[in-house]
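Listed below are the residues making up each chain.
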Amino acid sequence: MAETKEKSLSDEKPKPRVRPIVRLGIFLISHSFHVSVVCCTAGVLALFLLPVLAKNTYISENALMPGSASPMLSNQHVSDGNRLVKDLTNPNSKSSETGIESHKIIAQYMLDLGAEVSFHKFHPQMNQFHPLHFFSSPDSGKIQENYSCSSYGINTVGIIRAPHGDGKEAIVLVTPYNALKSGFGEALSLGIAYSVFSLLTQVTWLAKDIIWLVADSQYGEYAAVAAWLREYQTPKFSSLSTPNAEMCPDVNNLFELKGHSISGSKFSNSFRRAGTMASALVLKVRDQNEQFEDTISIYAEASNGQMPNLDLINVVNYLAVHRQGLRVNVEKLWSLLNSSWLKSLGEIFESLAKVAKSLYPKWKFGIPATEYVEGTATLASSLYYQALGVPTGPHGAFRDYQVDAITLEISPKFSLDKVWRNDILLRGGRLIEGVIRSVNNLLEKFHQSFFLYLLTSPSKFVSVGVYMIAFAFLIAPLPMVAASLYVDANSSSNCSKGDSSTPSAITDTDEHSIAIRSWRWLNSAKLVFIVHLWGAIVSLLPYFISQIPDCSPTTSFMIWVLLSILSLLTLNSVLASPLACAKATQEKEWALVKSVTISSVFIGLGLMSVINFATAEIGALLMVPMCLLAQPLKLDVRAGTLRSFCRMICNLVLGHIAFPPAALFLLKGMLDGFGNANVGDFWMWVESLWAWNSATYLFIVEVTYIFSHG
């Protein structure tokens, strides 16, 4: 008997030990609700802590050496710039309807300095949506076929060849100028650029070519710069360089100036180029200033949230503050500056910082409440413009070609009379000189500092390693909730064939039943796939709708909605099929569908964070609560409990906030009044997004059809 017992004990196999990581996964899945609450709260709290965690900016590339050399721009150069300003503001320079005289004056001044001068004529590009433009490089787009002599712009380009350079690199200085409706600020920006340009023709330290682009902004600043860049990077041979003399006599005279008022071999009708662009600066001057001191505003956001290398902004900030005494501004959401709840939150963080410092004096945590409010307003603006995906200035055209560029807008505190005009010319010129001198020192492209960052002030930033923590906390509950829903849907439900009254011949322990139950998620995945396919069709429909002539925004939007509904019904009738599990309860089937949907949302947000973090962050704030709380309203009504009633109210509120058309209608109604809001506004807003190839357009469609599916 003892031998038999010992033999049976020896035959028993030891149970495999569960690994700690598996135990942790089981614990998180079994407590997914509590973990979701903790993670979402931590994600929102981490987002509000970003201004506190912001670090001071610093220059990573030692070769830049800003301010290491004394400025060489003198009063003589300022006088040269003043002469150009006077000539451009002279009424005689605006006598021509096409503004040809102003272009002649600018070209003549460039040639007097010994620069290579050329004119670039371009036609305005029609902003028209194409479904493949988002995934392709910049192209020439569609040009208006029927144009007149006044329907195109002319860029004036001057190039200084570096005396000790090899012609392989260049620095671009851009000054937008509308010869037909130019203000004094635009003329002054040309004066600053010309004073710097005249200095650079005399220096010996220049190692990179200098390109001065006077962009004709009568059709928009961005359009002029983008047209010149397209020709510079991807030249196209066309008949635009040889205008018809009979139809366009003024423009023909412009291209024949080399034999008359503009003489010399350095003027060319052909398009001139320099080396690879190391960086670009767009310079503008405002006519009026609402500040009490001379300020300079920096605009850095480009398409789809692209930002220039942080070192470029750091150089401008250092030189402007410590060398020229200018106050540097970055864009803010001004409505947040007077927010009482934000001030209270800043005071709480300030009090916690004092307590932490009393416990550990070396812990430098926290900032003053006023600084926190300003940092949050700046951070919110940075998030908004990066998420929107629309460039904040003509510098955005350079980022499409991976050239670091920013827009600088100088705002004098006094009226631009003769005394203050000379002061702005001198200080603005020395600032541009210092930036060009720093970039000129680089032996390679900007690479040391950050490309992924959020600004909380001109001198503070949040790096990608910090702000991704908030995003990670927000989306962390999604895979756990998806796994929990999948386990709940398959743990206690049997999937059998035949009538529900027939006893099941397949038990839970049957391997065949387990195999069938484990593949039930394919039905839900098929349904989610249909919705995603529908979303892809919906995103492509505007391309065809925009081809309809004389179609108002309201009509276009209604056509979009009708075609979207029709396409959904068609896909459902063609691809959908009855559920394979006839006995499963409605709650179990809904759990599977929700599990697959949440998984797809998790993957989509993760991919969007690579394309545009700001869009993914804002999307996570809206979609994660909606995904976690989503439940069919009829199930909540059937339950009849207080918890189900509160969840139903939350779903309705979140649905209106996260549903883009409804959210835009409510926002426009609160700002402009509900009488001025109509359904066509959503079409116009979405149209502006696809005109810029913004990733937010794809995200908006994603949110819309996921919401409709839910």
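Residues numbered from 1 in each chain as written. Predicted model: local features only at pLDDT ≥ 70, side-chain atom pairs only at ≥ 80, totals over all residues. Heavy atoms only, no water.

*Asks:* Got a minute to help me understand the overall build of the protein chain in this structure?
*Replies:* Along its length, the protein chain carries 25 helices and 14 strands. Taking all 710 residues of the protein chain together, 48% fall into the buried category. Residue pairs in contact within the protein chain that sit at least 24 positions apart in sequence constitute 83% of those at least 6 positions apart. Total accessible area on the protein chain stands at roughly 34900 Å², and carbon and sulfur atoms take up 61% of it. (Helix = DSSP H or I, 4+ residues; strand = E, 2+ residues; numbered from the N terminus. Buried < 20%, exposed > 50% of the residue type's maximum accessible area, 1.4 Å probe, protein only. Contact = heavy atoms within 4.5 Å. Areas by Shrake-Rupley, 256 points an atom, 1.4 Å probe, with all protein chains shown as cover.)

*Asks:* Hey, could you run me through the packing of aromatic side chains in this one?
*Replies:* According to the stated counting rule, one finds 14 aromatic pairs in the structure shown. Relative to Phe 271, the ring of Trp 228 has its centre 6.4 Å away and its plane inclined at 35°; by these criteria the two rings are tilted. Residue Trp 228 is found in helix α7 (residues 221-233), and its partner Phe 271 is found in the loop between β8 (267-268) and β9 (276-285); the two are separated by 43 residues along the sequence. Seen from their ring centres, Phe 471 and Phe 613 are 6.0 Å apart, and the 75° between their planes marks the pair as edge-to-face. Taken together, the residues span a long stretch of sequence, with Phe 471 in helix α14 (residues 464-475) and Phe 613 in helix α20 (residues 613-629) at a distance of 142 residues. When its relative accessible area of 9% is taken as the criterion, Phe 613 is described as buried. Clustering of aromatic rings is evident, with ring pairs tying together Tyr 109, Tyr 194, Phe 197 and Trp 212. (Phe/Tyr/Trp six-rings, centres within 6.5 Å; stacked < 30°, edge-to-face > 60°.)

*Asks:* Would you explain the UniProt feature "transmembrane region" (unreviewed entry) in the protein chain in this entry?
*Replies:* Mapped onto this numbering, the UniProt entry gives "transmembrane region" (unreviewed entry) at residues 21-50, 464-487, 527-545, 557-579, 591-612, 649-669 and 689-707. End C-alpha atoms of residues 464-487 are separated by 35 Å, and the span's content is 96% helix alongside 0% strand. The span residues 591-612 carries 95% helix and 0% strand; its end-to-end C-alpha distance comes to 30 Å. (UniProt positions renumbered as here; feature names shortened; annotations may be inferred.)

*Asks:* I keep staring at unusual backbone geometry and nothing clicks. Help me out?
*Replies:* Excluding glycine, a negative phi dihedral is what most residues carry, and trans is how most peptide bonds are arranged. Despite not being glycine, Met 65 has its phi angle at roughly 45°, a positive value. Along the chain, the position of Met 65 falls in the loop between β1 (55-56) and α4 (75-89). Even without being a glycine, Asp 550 presents a positive backbone phi close to 55°. Here Asp 550 is to be found in the loop between α17 (521-545) and α18 (553-575). We classify Asp 550 as exposed; its relative accessible area is 85%.

*Asks:* What exactly am I supposed to notice about the sheet that holds strand β13 (residues 453-457) here?
*Replies:* Spatially, β1-β14-β13 is the arrangement adopted by the three strands of the open sheet, whose pairing is antiparallel. Sheet topology places β1 and β13 at the edges, where each strand pairs with a single neighbour. As paired strands, β1 and strand β14 (residues 460-463) are joined by two bridges and run antiparallel to one another. Residue Lys 55 lies in a different strand from β14, and its bridge partner there is Phe 461. Running over the sheet, α14 touches β13 and β14 and is turned about 60° from β14. (Pairing = 2+ DSSP bridges. Axes fitted to C-alpha atoms, helices over the stretch in contact; angles between N-to-C directions.)

*Asks:* Honestly, the nonpolar core in this entry has me stumped. Any pointers?
*Replies:* Trp 212, Ile 406, Ile 432 and Val 435 are the most contacted members of the largest nonpolar core, which totals 75 residues. Contact partners of Ile 406, with chain neighbours within four places excluded, come to Ala 280, Leu 281, Val 282, Ile 298, Tyr 299, Ala 300, Pro 308, Leu 312, Ile 313, Val 316 and His 395. In terms of nonpolar packing, the next biggest core, distinct from the first, is built from 35 residues, Leu 383, Leu 478, Leu 592 and Ala 614 among them. (Core = buried A, V, L, I, M, F, W, Y, C linked by side-chain atoms within 4.5 Å.)

*Asks:* Looking at this model, I keep getting lost on a nonpolar patch on the surface. Mind explaining?
*Replies:* Together, Leu 633, Leu 642, Phe 645, Ile 649, Leu 652 and Val 653 line one region of the surface with nonpolar side chains, adding up to about 550 Å² of accessible area. If one sorts the elements of the nonpolar patch by residue count, helix α22 (residues 642-658) sits on top with five residues. Relative to the assigned elements, Leu 633 resides in helix α21 (residues 633-639). (Patch = residues over 30% accessible without salt bridge, like charges linked within 9 Å, V, L, I, M, F, W, Y side chains within 5 Å. Salt bridge = Lys/Arg side-chain N within 4 Å of Asp/Glu carboxyl O.)

*Asks:* Sorry if this is basic, but what is going on with helix α5 (residues 100-112) here?
*Replies:* Residues three or four positions apart in an α-helix share a direction because the helix packs 3.6 residues into each turn. The first and last C-alpha atoms of α5 sit 18 Å apart over 13 residues, in line with the 18 Å expected at 1.5 Å per residue. Along α5, the positions that sit buried rather than exposed are Ile 100, Ser 102, His 103, Ile 105, Ile 106, Ala 107, Tyr 109, Met 110 and Leu 111. Phi turns positive one or two residues past the end of α5, at Gly 114, with a value near 90°. (Expected span 1.5 Å × (residues − 1).)

*Asks:* Explain the sheet that holds β8 here, please?
*Replies:* Strand-to-strand pairing in sheets goes through backbone hydrogen bonds, with the strands running parallel or antiparallel. As summarised here, the arrangement of the nine strands in space is β8-β2-β5-β7-β6-β9-β12-β10-β11, forming an open sheet in which the pairing is mixed. Of all the strands in the sheet, the pair left with one neighbour each is β8 and β11 (327-330). As judged from the seven bridges shared by β9 and strand β12 (residues 404-411), these two strands associate in the parallel manner. Paired with Val 282 across the strands is Thr 407, a residue of β12. Along the sheet, helix α6 (residues 184-200) makes contact with β5 (153-160), β6 (169-177), β7 (209-216), β9 and β12, crossing β9 at roughly 140°.

*Asks:* Help me understand α20 in this model?
*Replies:* Look at α20: 24 Å from first C-alpha to last across 17 residues, which is about the 24 Å you get at 1.5 Å a residue. At Ala 620, α20 shows its strongest bend, of approximately 35°. Those residues of α20 not exposed but buried are Phe 613, Ala 614, Thr 615, Ala 616, Glu 617, Gly 619, Ala 620, Met 623, Val 624, Met 626 and Cys 627. Backbone nitrogen of Ala 614 and a side-chain oxygen of the N-cap are separated by 3.3 Å at the start of α20; the cap is Asn 612. (Bend = angle between axes of the 7 residues up to and from the residue. Polar contact = N/O pair within 3.5 Å; in protein donor to acceptor, adjacent residues only side chain to side chain.)

*Asks:* I keep staring at the pattern of salt bridges and nothing clicks. Help me out?
*Replies:* Between side chains of opposite charge, pairing is possible as soon as their charged atoms come close. With the rule as written, the count across this model stands at 11 salt bridges. The salt bridge involving Glu 116 is made with Arg 161; its shortest N-O contact spans 3.0 Å. Within this pair, whereas Glu 116 is found in strand β2 (residues 116-122), its partner Arg 161 is found in the loop between β5 and β6, the two being separated by 45 residues in sequence. Residue Arg 427 is joined to Asp 294 by a salt bridge in which the shortest nitrogen-to-oxygen separation is 2.6 Å. Taken as a pair, Arg 427 in helix α13 (residues 418-440) and Asp 294 in the loop between β9 and β10 (295-299) lie far apart in primary sequence, 133 residues in all. Assessed through its relative accessible area of 7%, Asp 294 is described here as buried. Counted as one network, the salt bridges with shared partners bring together Glu 116, Arg 161, Asp 209 and Arg 272.

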